Amino acid sequence: MRLLGYASLPAIPVALYMALVAAPTEAFMGHSQRIMYIHVPAAIASYLSFAIVAAAGALYLWRRRDHLDALAHAAAEVGVLFTTITLLTGSLWGRAAWGWWWTWDPRLTTTLVLWLIYVAYLIMRQAIDDPERRARFSAIFGIVGFLDVPVVHLSVVWWRSIHPPNFAGGGTTLDPAMQQALAVCAAAFLLFNLFLIALRWRVERLERSAARARASGRGAAGD
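Colleague: Honestly, the packing of aromatic side chains in this entry has me stumped. Any pointers?
Modeller: One pass over the structure, following the stated rule, counts six aromatic pairs. Ring centres of Y121 and F141 lie 6.1 Å apart, and the angle between their planes is 80°; on these two criteria the pair is classed as edge-to-face. Of this pair, Y121 sits in helix α4 (residues 106-127) while F141 sits in helix α5 (residues 131-145); the two residues are 20 residues apart in sequence, bridging distant segments of the chain. Through pairs of rings, three or more aromatic residues link up here, namely F50, Y118, Y121 and F141. Taking NZ or CZ as reference, R133 lies 4.9 Å from the ring centre of F137, over its face. In this arrangement the basic side chain of R205 is found over the ring face of W201, its NZ or CZ atom lying 4.8 Å from the centre.

Colleague: Help me out: how do you make sense of unusual backbone geometry in this one?
Modeller: As a rule of thumb, non-glycine residues mostly have phi less than zero, and peptide bonds are mostly trans rather than cis. Positive phi, close to 55°, is recorded for R64, a residue that is not glycine. For R64, the position within the fold is in the loop between α2 (36-63) and α3 (66-98). Exposure remark for R64: the relative accessible area of 41% places this residue in the partly exposed category.

Colleague: I'm lost on the packing of α3 against α4 in this one. Help?
Modeller: Relative placement of two packed helices is described by the angle separating their axes and the distance separating the axes. The N-to-C vectors of α3 and α4 enclose an angle of 150°; their axes lie 9 Å apart at closest approach. Between α3 and α4, the angle is such that the two are roughly antiparallel. The handedness of the crossing between α3 and α4 comes out as left-handed. Contact residues: D69, A72, H73, A76, E77, V80, T83, T84, T86, L87 and W98 in α3; L108, T111, L112, W115, Y118, V119, Y121, L122 and R125 in α4.

About the cut-offs
Residues numbered from 1 in each chain as written. Predicted model: local features only at pLDDT ≥ 70, side-chain atom pairs only at ≥ 80, totals over all residues. Heavy atoms only, no water. Phe/Tyr/Trp six-rings, centres within 6.5 Å; stacked < 30°, edge-to-face > 60°. Helix = DSSP H or I, 4+ residues; strand = E, 2+ residues; numbered from the N terminus. Lys NZ or Arg CZ within 6 Å of the ring centre and 35° of its normal. Buried < 20%, exposed > 50% of the residue type's maximum accessible area, 1.4 Å probe, protein only. Axes fitted to C-alpha atoms, helices over the stretch in contact; angles between N-to-C directions. Parallel < 35°, antiparallel > 145°, perpendicular 65-115°, else oblique. Left-handed = near helix turned anticlockwise from the far one by under 90°. Contact = heavy atoms within 4.5 Å.

Printed below as a string of structure tokens:
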């Protein structure tokens, strides 16, 4: 976790410099296009977070280890955070590019569905008291919910969309300086994303350890 923190600390200001200074100004949208350097990396970070939720959930179903459920919970919270950033920055960018804050475009709609899935995941965790049952249901929910991630990513390919095509895979062309800035921002966001997950995971494990200690203390006092 410390290594991720030390790596994230210089990465964020470097990414800001690349996005705000080094990258050229887009000819048609002007400075509003620079929202891309937050919007796209936030979306990529959310994909990674939900992949960790699904992977940790699958490992939990196999190994039944509490720390894996704690990791899935931590990654889901961070994933919802970055998906919220994706939706908000996408709305700002859409207002500048299209003239309206929201449209039921396939990419926007599937991203909203992804956000709702994992908000529901977090709500479900709060609604189930039994730890083992909560972990089992959450693991299944997290794995099934991840199926929306490839749908989000490929929505601009599968359906007619006004959203820009995917930057990866040759879907669109960018000025080389913009590509470099976007790559640096994506790397910074991914490092920060992993740092937040590691930090939240540690807090979650400490909270669970404290809860078990309190329960053990009450049980001993009752005896």
